[in-house]
Amino acid sequence: MSHPPPSPIYTLRGAGGPLNSLHFRCYGEDAPLLFSGSGKGCIHIWNLNTRRTNKVIEGHSGSSIIWVCTKRSKDTLISQGRDMQICLWDLGEGRCDLLDSVWTGSVGFCQCSMLETSPISSLLAFAGQQTEEIKIIELPSKIQICTLMPVAKVGMVMCINLFQPDSCPGPLLLAGYEEGSLLLWDVTQQSILSQVKAHPDPVMCLTFDPTRLRGISGSSEKNLSSWKLDEKNNLQLQGGVTLANPGVSQLCIREDGKLLASAGWDSRVRVFGWKKLRPLAVLQYHTDMVLSVAFSDHQDPRQRLMAAGSKDQRISLWSLYNES
Amino acid sequence: LQRNTSVSDSDSVRLEVSACLRCLSSSDSSRNITVLQTLLSYLDEASHGAAQRAQFSRSHYSRTLRVLITTIEADWVHRLTARQREELWDALFLRGPPEQALLVLLEAIGELSPSTSLDHVVTITEKFLQDGRLTNLLWSYCVGSAQSDSPQLRETLLGRLSALPDIMANKLHHNISPLFLPQQYYPLLASAMLTALQRTCQALRGQHQPDNINCSLAFVSQTLGKLCLQGHGGLVLAAMAPRLSACTRSDMVWQRVCWKLFESIPQRSMECVLTALVLAVSGIVGNLVLRNKKAEFVITHKLLLLQYKYETGVLRTVLGYLAADRDRRPLLIQVLRCICQAWANPSAVKHTPMEQQLYVSKALLLSVSLLKDQELQDLRSELLQCLLGGMQSHLDSSVLRIRCVGMVVGECLSSRMDNADTKLKFEYEQDEETRELLSLMTPSGWCEPESESLQETKELAPNTCSVASQRRQTTPPLAPTDPDSDLDSDDELTPYDMTEDQEVSQTSPPRYLRDCLESLMSSEDAMRVELSLKAADPLVRRNAFAAREISVQMSKVLLHMEDKYNIQGFLILRHAAMVALAVTDCIPVTQYLTTEFYSLNYSLRQRLDMLEVLVAAAQELSLPTTDKKNSSIISALDVAELPPFQGHDPVHWRQVVEKRIQSKTRRISKGASQPATAKATPNRYAPVAGYFFFPLLKNYDKPEVTFDLLGSDHLVLGRLIHSLGLFMHLAVNAPVAAQMGSALLDFVWTVRYHTDQMVRRGVLFAVCSVFLSMPSQNLLLDLGDMLFETRTWLTDVAEGDPDADCRSLAVQSLVLLDKSLKKQLKDPQSPSLES
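Since the model is a prediction, treat every value here as computed from it, not as a measurement.

Concerning the overall build of chain A
Part 1 of the reasoning: Looking only at helices and strands, chain A features zero helices and 28 strands.
Part 2 of the reasoning: Summarising the internal contacts of chain A: among those between residues at least 6 apart in sequence, 42% fall at separations of at least 24.
Part 3 of the reasoning: As displayed, chain A has an accessible area near 13200 Å², and 49% of this comes from carbon and sulfur atoms.

This is how it looks when you write it as structure tokens:
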């Protein structure tokens, strides 16, 4: 007899809008923080010890925030909003000053992807003004490195993931498009390395595990599609999982590579074993679409958390499979 | 002179033997040892001439032995030493002509009462068998050297030979030696026969025998025939057949001997020998079927078309035997024609038992699989004719199993006949039976030479092993490439319970009955229709008042509803909703349904639905309900348990009947275990039973354009009668039961010999339920003469119906009827006698 599914250990209310993006920052000496970007244009910074908001940043003139992230090195927060701006915030010593902003011109929902190449510089990929276009700039110099435009008609770019594999000198970029294709770009060559049709519908989200060179993508249908990157940088479909209800908004792999979480449109968070994609749990707490899911980066594995943000304006926090 | 000497020889022998025997009979014992030696010397070649010896064996041997048996109790016999007894007394039995010795021994065993003398005779008989005297016996008949041969003697001897274990067992009871048990005796006899046959072969080749002698196998054949006729064929042929088939394979002489053996088997035992032989192995009879009419009849007709008790293996053997030889192939084709006719015959489909039909189907498939392509081409048109006719009659049947068999056979035949794409393809459920039928088309089983097949398997075995080992070798290299075989897999993470993970629906179910009805009637939204259908049953039950207002309208809507959106469990849901309506607002809904049953423009499915709903409603009404909450739960459970199509399943009614019989049977131990908490509740069905029942009895004989109950729509008729039977059965203890019973018996009387067994089953079920539910005092009073006609009819069915279910139902009805009548006649308190 299997155990009944767990309940959230606590929930955070008061974001005042759908929660499009979640990001943990729990390493270091400071109190563990959770950043959330809401549909009402607010970035909430939650203190996970007191379970209250530390601060609320309203910086995108009321437009929906679709992505939040912090840089590892400094107290820098990056947020992306539907007002076509990417903003950099300085959070050091209790400040919250706008450092810089980048105009993207993208009207879509594609979340940015950031790759820190050195302690001071990093690469940021985002969807550009034209629907298929992906731009990559270097931060903090804001120099545009390249623009990636597929020749074939694949539709709007839906989701991107920038990573640095061990085998290649330059970074690679995975991008999912409206037509259901996944493209692997070589950023330095600005060329397509591989293309695969992963879904019949738009690719809504993807996540990639650079250590195992495996990734998974979700769509508006019932199937998650899993794929692998071989030695020659070819994408190969590996099958996937079928869900009970269609639609996935976000996928996230835990840092130790054991768990995969999916944020479902059916208001459920599903947890899988990442190795074999074995279903492990179906978490039912939210009353509306789950929009985002994230695993914390606690150094002590026993404290690790998973957060899920939903359209019902609540964030639920879960402690799963932390024993080992 | 010659004659004179022979006469004097015979006289001298006679005189000497007489003197000896007189001496033995007298009590004077001093000379008896020498006398015995004298007698024994007649059996030795050394001491007497051939003529004298022959004279003794022919005329005096039996007499001598009989005298010896009569003196067995004499003092001088007891005074003999063990050695003397063995060398003189016993030897006389064991060296003389074996047939006479055996007869005398068995006679003695029959006459003697249990004593040491009996033991002595039994020991000699045992020795007789152990010394291989049986072989000598058979061989002596083969070469014609048996001294005394008359038909009577021969018949007696055959009887004794074949019944020796029985004779022994009758006399000795438990103290019997294992040698006399059938398991040892018959193989011994079989090996004796084999030896006799072998000697015959040697004689034919002229080995060991200086001069050619004539051999006759008649006696061995007769023995074999007798043995098989008495039912010992299995044991005997199990010992003989392998050896015979091994010998006949390469040896011409053996073949001839063998065929001769089977040819000279008497006519009346031919069938038994053949069937026993077919069960063992068939390669040794040669072309017997071509020469012997009886054998031909048994093999080509009786085994295939008249009997159906044998396993599939026997069919394989028989047909394989026919197919194995060029001369016999015309017979195979002839057989195939007969089988085809039998299979396609519509009357056979209706009137023969299911088991036989299955048997014939197997035979058909096997023989078709044995045909060569050329023969198939010649037979094509006939096979096609058979296929078409047979398919039609099989698919017409209302028994699921017959339809299934028809479909499988049709598929196999069409795929065998046509290489093109014009194959038949049916949808049926795979079960053991269909799989077996399908497997018959692969020509794997029969191969005449058994040892060859053994060799083949031996040769095959290493091959398969090597294949397996290759496979084993190839698998390990694959393993490392498997990415999932990492040591730290997901397995350490135990999954949580995920049963809650169901599909979510977008729209909410209707909350009011009228909304539900509205969306069922006019909604185009698949989701809403599905939710409304799901909600209908609980809504109706919860809002009885609202339901009464719209019950008929809603029944109409549900009845005409089609599964437009492919809703999962549509039939069950609709059925549940209609049942709920019929239960909640019983009289109007039943009136509506029963009138609609006979009206125009309904499909058979809809008419069956009406019956199913009525039956389920009646069942639910008749259940006792303690409180309202429970009732809905019970009914929901009931509905869930009922599969949507129960019509094909006779088990269901049988269970009901059996439950009733169980409950009617009084058991003393059960008396106390009656639950004390059972509360009396009003039977909701009793007052309305008539509304369910009587309207359905009207109009059944008025054929409409679209509905002819007594004609082609016998499927509905069967279900109708079965439903009526159920209404009757549920109306037990209701006041109206008596009228219902007599009306029902009247109704089914016209269709009691219907050709469709589903209808007959229904009729018998209805009769059963009449006898169960009708008060016994009314049985005699209301039914009267009809009861006795019914009885005769039931006995007739119980004996002669081809359908096993019908027979058992008839027997059950008879038992019920008798019980009911007996109760009525014995019980003086019954109201009918008072009045």
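Structure shown, so let's carry the discussion forward.
Focus: unusual backbone geometry
Residue and element names in this part refer to chain A.
Part 1 of the reasoning: At the junction of L139 and P140, the peptide bond is cis and its omega measures out at 0° in the coordinates.
Part 2 of the reasoning: One can find P140 in the loop between β12 (134-139) and β13 (143-148).
Part 3 of the reasoning: Phi is positive for S61, which is not a glycine, with a value near 45°.
Part 4 of the reasoning: In this structure, S61 sits in the loop between β5 (52-58) and β6 (65-70).

Overview of the packing of helix α28 (residues 570-584) of chain B against helix α29 (residues 586-597) of chain B
Residues and elements named next belong to chain B.
Part 1 of the reasoning: Contact pair α28 / α29: the axes reach a minimum separation of 5 Å and the direction vectors enclose 125°. When the interaxial angle is binned, α28 and α29 end up oblique. Across the interface between the two elements, M578, L581, A582, V583 and T584 from α28 touch C586, V589 and L593 from α29.
Part 2 of the reasoning: A per-class count over the contact of α28 with α29 returns seven nonpolar, one polar and no charged.

Things to note about the interface of chain B and chain A
Often, the extent of an interface is quoted as the loss of accessible area upon association of its parts.
Part 1 of the reasoning: In this complex, chain B contributes 18 residues to the contact, which on the side of chain A involves 27 residues.
Part 2 of the reasoning: Around 2100 Å² of area is buried between chain B and chain A when both sides are counted, 53% of it from carbon and sulfur atoms.
Part 3 of the reasoning: Between the two partners, chain B and chain A, sit zero salt bridges.
Part 4 of the reasoning: In this structure, the connection of chain B to chain A is made through four residue pairs in polar contact (both at pLDDT 80 or more).

A word on empty space enclosed by the protein
All names here are of chain A.
Part 1 of the reasoning: Here the structure, examined in full by the defined rule, presents six cavities of 30 Å³ or more.
Part 2 of the reasoning: Contributing to the lining of the second largest cavity are S106, V107, G108, C110, A127, G128, Q129, Q130, T131, M156 and V157.
Part 3 of the reasoning: Of the residues that constitute the lining of the second largest cavity, the class distribution is five nonpolar, six polar and no charged.

Brief notes about the pattern of salt bridges
Between side chains of opposite charge, a pair can form as their charged atoms come close.
Residue and element names in this part refer to chain B.
Part 1 of the reasoning: Summed over the entire model, instances satisfying the criterion amount to 29 salt bridges over all chains.
Part 2 of the reasoning: For R66, the salt bridge is made with E107, and the minimal N-O distance between the two is 3.3 Å. Remark: E107 occurs in helix α6 (residues 98-111) and R66 occurs in helix α3 (residues 50-70); sequence separation between them is 41 residues.
Part 3 of the reasoning: You can call R66 partly exposed: its relative accessible area is 39%.
Part 4 of the reasoning: E107 sits in the partly exposed class, given a relative accessible area of 31%.
Part 5 of the reasoning: A single salt-bridge network, built from bridges that share partners, covers R574, R605, D609 and E612.

Looking at the sheet that holds strand β19 (residues 214-219) of chain A
Residue and element names in this part refer to chain A.
Part 1 of the reasoning: Across the sheet, four strands lie side by side as β18-β19-β20-β21; this open sheet has antiparallel pairing. Each edge of the sheet is formed by a strand with only one pairing partner; in this case those strands are β18 (203-209) and β21 (235-242). Direction aside, neighbouring strands of the sheet carry axes that sit 25° apart on average.
Part 2 of the reasoning: As paired elements, strand β20 (residues 223-229) and β21 share six bridges and run antiparallel to each other. Residue W227 lies in a different strand from β21, and its bridge partner there is L237.

Considerations on helix α39 (residues 785-800) of chain B
Given 3.6 residues per turn, any residue in an α-helix points the same way as the ones three and four places further on.
All names here are of chain B.
Part 1 of the reasoning: Its 16 residues give α39 an end-to-end C-alpha distance of 23 Å, which sits within 8% of 22 Å, the value for a rise of 1.5 Å per residue.
Part 2 of the reasoning: All of the buried residues along α39 are M786, L787, T790, W793, L794, V797 and A798. All buried residues of α39 lie within an arc of 135° about the axis, which places them on one face of the element. Opposite its buried face, α39 presents the exposed residues D785, T792, E799 and G800, each directed more than 90 degrees away.
Part 3 of the reasoning: Buried residues along α39 sit in contact with α36 (737-749), α37 (757-773), α38 (776-783) and α40 (804-826).

Description of the confidence of the model for chain B
All names here are of chain B.
Part 1 of the reasoning: When pLDDT is averaged across chain B, the result is 78; 82% of the residues are at 70 or more.
Part 2 of the reasoning: Here residues 627-651 is modelled with pLDDT under 50, and outside its nearest four sequence neighbours on either side it reaches 23 contacts, counting other chains as well.
Part 3 of the reasoning: Scoring of the predicted complex yields 0.54 for pTM and 0.80 for ipTM.

Examining the environment of W265 of chain A
Residues and elements named next belong to chain A.
Part 1 of the reasoning: Considering the arrangement of structural elements, one finds W265 in the loop between β23 (259-264) and β24 (268-273).
Part 2 of the reasoning: The spatial distance from the C-alpha of W265 to the C-alpha of V290 is 5.8 Å, given a sequence separation of 25 residues.
Part 3 of the reasoning: If sequence neighbours within four positions are ignored, W265 has contacts with M204, S220, P246, G247, V248, S249 and M289.

Some words on the packing of aromatic side chains
The geometry of an aromatic ring pair is captured by two quantities: the separation of the ring centres and the angle between the planes.
Part 1 of the reasoning: Taken as a whole, this structure holds 10 aromatic pairs over all chains when the rule is applied.
Part 2 of the reasoning: Their ring planes at 45° and their centres at 5.5 Å tell us that F692 of chain B and F727 of chain B sit as a pair that is tilted. Of the two residues, F692 of chain B is situated in helix α34 (residues 689-697) and F727 of chain B in helix α35 (residues 714-730); the sequence distance between them amounts to 35 residues.
Part 3 of the reasoning: Taken together, the aromatic side chains of F163, F208 and W227 of chain A make up a single cluster linked through ring pairs.
Part 4 of the reasoning: In this structure, R214 of chain A is placed above the aromatic ring of W274 of chain A, and the distance from its NZ or CZ to the ring centre is 4.2 Å.
Part 5 of the reasoning: In this structure, R752 of chain B packs its charged tip against the face of W749 of chain B, placed 3.8 Å from the ring centre.

Things to note about the sheet that holds β13 of chain A
Residue and element names in this part refer to chain A.
Part 1 of the reasoning: With respect to topology, four strands assemble into an open sheet ordered β10-β11-β12-β13, the strand pairing being antiparallel. Across the chains shown, the open sheet's two edge strands, defined by having one partner strand only, are β10 (113-116) and β13. Averaged over all pairs of adjacent strands, the angle between strand axes in this sheet comes to 20°, irrespective of strand direction.
Part 2 of the reasoning: Pairing analysis gives four bridges linking β10 to strand β11 (residues 122-127), with the strands arranged antiparallel. By the bridge assignment, S113 is partnered in β11 with A125.

Observations regarding the packing of α34 of chain B against α36 of chain B
Residue and element names in this part refer to chain B.
Part 1 of the reasoning: Running from N to C, α34 and α36 point in directions that differ by 25°, and their axes come no closer than 11 Å. If you check the angle between α34 and α36, you find them roughly parallel. Judged by the twist between their axes, the crossing of α34 over α36 is left-handed. Between α34, through A689, F693, F694 and L697, and α36, the contact on the second element is made entirely by Q739, M740, A743, L744 and F747.
Part 2 of the reasoning: Looking at the contact of α34 with α36, its residues break down into eight nonpolar, one polar and no charged.

Let's talk about helix α8 (residues 133-142) of chain B
All names here are of chain B.
Part 1 of the reasoning: In terms of residue burial, α8 counts as a mostly covered element, since nine of its 10 residues are buried.
Part 2 of the reasoning: Looking only at α8, the buried set comprises R133, L134, T135, L137, L138, W139, S140, Y141 and C142.
Part 3 of the reasoning: Summarising the contacts, the buried residues of α8 are in contact with α5 (82-95), α6, α7 (116-130), α9 (151-172), α10 (182-205) and α11 (218-229).
Part 4 of the reasoning: Directly after α8, the chain includes G144, whose backbone phi takes a positive value near 75°.

Topic: the pairing of strand β9 (residues 97-103) of chain A
All names here are of chain A.
Part 1 of the reasoning: One ladder, built from six bridges, connects strand β8 (residues 85-90) with β9; its direction is antiparallel. By the bridge assignment for β9, C87 is matched with S101.
Part 2 of the reasoning: Hairpin geometry of β8 and β9 is characterised by an intervening segment of six residues between the two adjacent antiparallel strands and by a positive phi of about 50° at E93.

A closer look at the side chain of H23 of chain A
All names here are of chain A.
Part 1 of the reasoning: Structurally, H23 is set in strand β2 (residues 19-25).
Part 2 of the reasoning: Exposure remark for H23: the relative accessible area of 18% places this residue in the buried category.
Part 3 of the reasoning: For H23, the side chain forms a polar contact with the side chain of T70, separated by 2.8 Å.
Part 4 of the reasoning: Apart from the residues within four sequence positions on either side, H23 is in contact with L33, L34, F35, V68, C69 and T70.

Cut-off values and rules
- Residues numbered from 1 in each chain as written.
- Chains lettered and ligands numbered in written order.
- Predicted model: local features only at pLDDT ≥ 70, side-chain atom pairs only at ≥ 80, totals over all residues.
- Heavy atoms only, no water.
- Helix = DSSP H or I, 4+ residues; strand = E, 2+ residues; numbered from the N terminus.
- Contact = heavy atoms within 4.5 Å.
- Areas by Shrake-Rupley, 256 points an atom, 1.4 Å probe, with all protein chains shown as cover.
- Axes fitted to C-alpha atoms, helices over the stretch in contact; angles between N-to-C directions.
- Parallel < 35°, antiparallel > 145°, perpendicular 65-115°, else oblique.
- Nonpolar A, V, L, I, M, F, W, Y, C, P; charged D, E, K, R; others polar.
- Buried area = accessible area lost by both parts, 1.4 Å probe.
- Salt bridge = Lys/Arg side-chain N within 4 Å of Asp/Glu carboxyl O.
- Polar contact = N/O pair within 3.5 Å; in protein donor to acceptor, adjacent residues only side chain to side chain.
- 1 Å grid on protein atoms, 1.4 Å probe; cavity = no way out; pocket = protein on both sides within 12 Å on 5 of 7 lines; lining within 4 Å.
- Points joined across faces, edges and corners; volume = space filled by probe spheres on them.
- Buried < 20%, exposed > 50% of the residue type's maximum accessible area, 1.4 Å probe, protein only.
- Pairing = 2+ DSSP bridges.
- Expected span 1.5 Å × (residues − 1).
- Arc of directions from axis to C-beta.
- pLDDT = per-residue confidence, 0-100.
- Phe/Tyr/Trp six-rings, centres within 6.5 Å; stacked < 30°, edge-to-face > 60°.
- Lys NZ or Arg CZ within 6 Å of the ring centre and 35° of its normal.
- Left-handed = near helix turned anticlockwise from the far one by under 90°.

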